[in-house]
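Chain by chain, the residues:
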Amino acid sequence: MENPSLPGLLLSFFTLLSVFNQVLGDEGFCSAPSILDQADTSSKPLYWKVTSPTLSPSHLQDLPGFTRSVYKRDHALITPESHVFSPLPDWENTLGAYLITPAMGSHFVMYLAKMQENSKSGLPPAGVERLIFVIQGAVTLTNSSGISNKLMVDSYAYLPPNFEHSLKCDGSTTLAIFERRYACLDNHITERIVGSTDKLPLLETPGEVFELRKLLPASMPYDFNIHIMDFQPGEFLNVKEVHYNQHGLLLLEGQGIYRLGDSWYSVQAGDVIWMAPFVPQWYAALGKTRSRYLLYKDVNRNPL
Ligand SMILES: *[C@@H]1O[C@H](CO)[C@@H](O)[C@H](O)[C@H]1NC(C)=O
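Residues numbered from 1 in each chain as written. Predicted model: local features only at pLDDT ≥ 70, side-chain atom pairs only at ≥ 80, totals over all residues. Heavy atoms only, no water.

**Examining the overall build of the chain**
Selection criterion: Numbering goes from the N terminus for both helices and strands, where a helix is a DSSP run of H or I of at least four residues and a strand is a run of E of at least two. Per-residue accessibility, obtained with a 1.4 Å probe over protein chains only, is compared with the maximum for each type, and a residue is labelled buried under 20%, exposed over 50%, and partly exposed between these values. Surface exposure here means Shrake-Rupley accessible area, sampled with a 1.4 Å probe, where a residue is shielded only by the protein chains that are shown.
In terms of regular secondary structure, the chain is built from 3 helices and 20 strands. A total of 304 residues make up the chain; the buried ones form 44% of that total. When the accessible surface of the chain is summed, it comes to about 16100 Å², and 57% of that surface belongs to carbon and sulfur atoms.

Okay, here's the thing in structure tokens:
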């Protein structure tokens, strides 16, 4: 009998090792809890977790009275199990959930709109600007000359105040929408903008590691912006921010810990956060996948 070659020995060693690992894995000792098994998201559409009904840990979903939602003086966390949808005024075949409104102290609204077959948007009140971001499905945006754009997942549109338009859709679509009464400046007007996150350049973030994109121009006419911020697992905000601006946040992907004031919250895709001016705020991304969030921020106006 020939002596086994080195490669042969190595091969049997690794075969043994993999059998050993499989046994351990099947027994469940060394395998991660099932909630982490969803790390393989390659076959799923972008942002699928935002609208997935299985967001809460399954063993807590049926626990009577359980919610991660919190509402405090200077911040709120509004998690999917406490979203309440009802018909949106002036829209057709559309259910909406207002998640941030002036009743909390904000100067803007943020809501989710679930459009169905043959649905159509209404217009915002006079003087109110609107930004829509497609989370799931697709929507057709038409202006008053009848010119249309089809917006897919990850696309967005900014509609200036008093800009006539309609959004229509033929299937099921979920939009995140921000609206505020436009803070006019002399000699400045905003323009309609249509775009897609993946087409936007990465911006400088001195002293920080996260990746930043902005959906709107940083120029004076615009009184707010929407930031898209990406963190790899383990990355966190360097600055423990306290500032005059207010925020509305939708976590599109991933999970982590959000600090708001003296409270530390476990958060995951689908969660919405209201941050009042001056609430201390900080985020650390955890888990196995990228964290991405959408963040409203008021800009370019004197706070007086
Ligand atoms: C509608 O959109 C087209 C294409 O962008 C533009 O040329 C036209 O001026 C727009 N109409 C209005 C009323 O904004």
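**Topic: the sheet that holds strand β15 (residues 247–253)**
We apply this condition: For two strands to be treated as a pair, DSSP must find no fewer than two bridges joining them.
Strand order in the open sheet made by the 7 strands is β1-β2-β18-β15-β20-β14-β13, with antiparallel pairing throughout. Edge positions in the sheet fall to β1 (70–71) and β13 (211–214), since each has one partner strand and no second.

**Let's talk about the packing of aromatic side chains**
In plain terms, the rule: Here a Phe, Tyr or Trp ring, Trp counted by its six-membered ring, pairs with any other such ring whose centre lies within 6.5 Å, and the pair is stacked when the planes are under 30 degrees apart, edge-to-face when over 60, and tilted otherwise.
Across all of its chains, the model carries 16 aromatic pairs by this definition. Where Tyr98 meets Tyr111, the ring centres are 4.7 Å apart and the plane angle is 45 degrees; that geometry is what we call tilted. Taken as a pair, Tyr98 in strand β4 (residues 92–100) and Tyr111 in strand β5 (residues 108–120) lie far apart in primary sequence, 13 residues in all. Residue Tyr111 is classed as buried on the basis of its relative accessible area of 2%. Ring plane angle 40 degrees and centroid distance 5.4 Å describe the contact between Phe210 and Phe231, whose orientation is recorded as tilted. Of this pair, Phe210 sits in the loop between β12 (193–196) and β13 while Phe231 sits in strand β14 (residues 224–231), and the two are 21 residues apart along the sequence. Accessibility assignment for this pair places Phe210 and Phe231 in one class, buried.

**A few points about the site of the ligand**
What counts here: Here a residue counts as near a molecule or strand whenever at least one of its heavy atoms sits within 4 Å of it. The definition of a polar contact used here is a pair of N or O atoms within 3.5 Å, where within protein one atom must be able to donate a hydrogen and the other to accept one, and adjacent residues in sequence count solely through side-chain atom pairs. For this classification, Asp, Glu, Lys and Arg are treated as charged, while Ala, Val, Leu, Ile, Met, Phe, Trp, Tyr, Cys and Pro are nonpolar and the rest, including Gly, are polar.
Near the ligand the following residues occur: Asn143, Ser144, Ser145, Ile147, Phe163 and Arg192. Here Asn143 contributes a side-chain N or O atom positioned 2.2 Å from an oxygen atom of the ligand. With respect to the ligand, the side chain of Ser145 contributes an N or O atom lying 2.6 Å from a nitrogen atom. Relative to its unbound accessible area of 360 Å², the ligand is 46% covered by the protein chains. Tallied by class, the residues present in the shell around the ligand amount to 2 nonpolar, 3 polar and 1 charged.

**Overview of the pattern of salt bridges**
As a reminder of what qualifies: The term salt bridge refers to a side-chain nitrogen of Lys or Arg lying within 4 Å of a carboxyl oxygen of Asp or Glu.
Considering all chains together, one arrives at 11 salt bridges under this definition. With its nearest N and O atoms 4.0 Å apart, the salt bridge here joins Asp198 to Lys199. The exposure class of Lys199 is exposed, given its relative accessible area of 67%. Between Arg292 and Asp230 there is a salt bridge; the shortest N-O distance is 2.7 Å. One end of the pair, Arg292, is in strand β20 (residues 291–298); the other, Asp230, is in strand β14, with 62 residues separating them in the sequence. One connected set of salt bridges, linked through shared partners, spans Asp154, Arg213, Asp230, Glu253, Arg290 and Arg292.

**What to know about a nonpolar patch on the surface**
Filter applied, for reference: Within the patch definition used here, like charges are joined within 9 Å and nonpolar side chains (Val, Leu, Ile, Met, Phe, Trp, Tyr) within 5 Å, considering only residues with over 30% relative accessible area and no salt bridge.
Taken together, the side chains of Val242, Tyr244 and Phe278 define a hydrophobic patch exposed on the protein surface, amounting to about 290 Å² of accessible area. Phe278 gets classed as exposed once you look at its relative accessible area, which sits at 51%.

**Quick notes on the environment of Asp223**
As a reminder of what qualifies: Pairs of residues are marked as contacts when any of their non-hydrogen atoms sit within 4.5 Å.
Inspection of the secondary structure puts Asp223 in the loop between β13 and β14. As a C-alpha pair, Asp223 and Ala183 span 40 residues in sequence and 6.4 Å in three-dimensional space. In contact with Asp223, other than residues within four places in its own chain, are Glu129, Arg180, Arg181, Tyr182, Ala183, Asp298, Val299 and Arg301.

**Some remarks on the sheet that holds strand β16 (residues 255–260)**
Basically, it comes down to this: Axis geometry follows a simple rule: fit a line to the C-alpha atoms, using only the stretch in contact for helices, then measure angles between N-to-C directions, giving values from 0 to 180 degrees.
Across the sheet, which stays open at both edges, the 3 strands sit in the order β17-β16-β19 with antiparallel pairing between neighbours. The outermost strands of the open sheet, each flanked by one partner alone, are β17 (263–268) and β19 (281–286). Mean inter-strand twist for the sheet, computed between neighbouring axes without regard to direction, equals 20 degrees. Relative to β19, β16 runs antiparallel, the two sharing 6 bridges. By the bridge assignment for β19, Tyr258 is matched with Tyr283.

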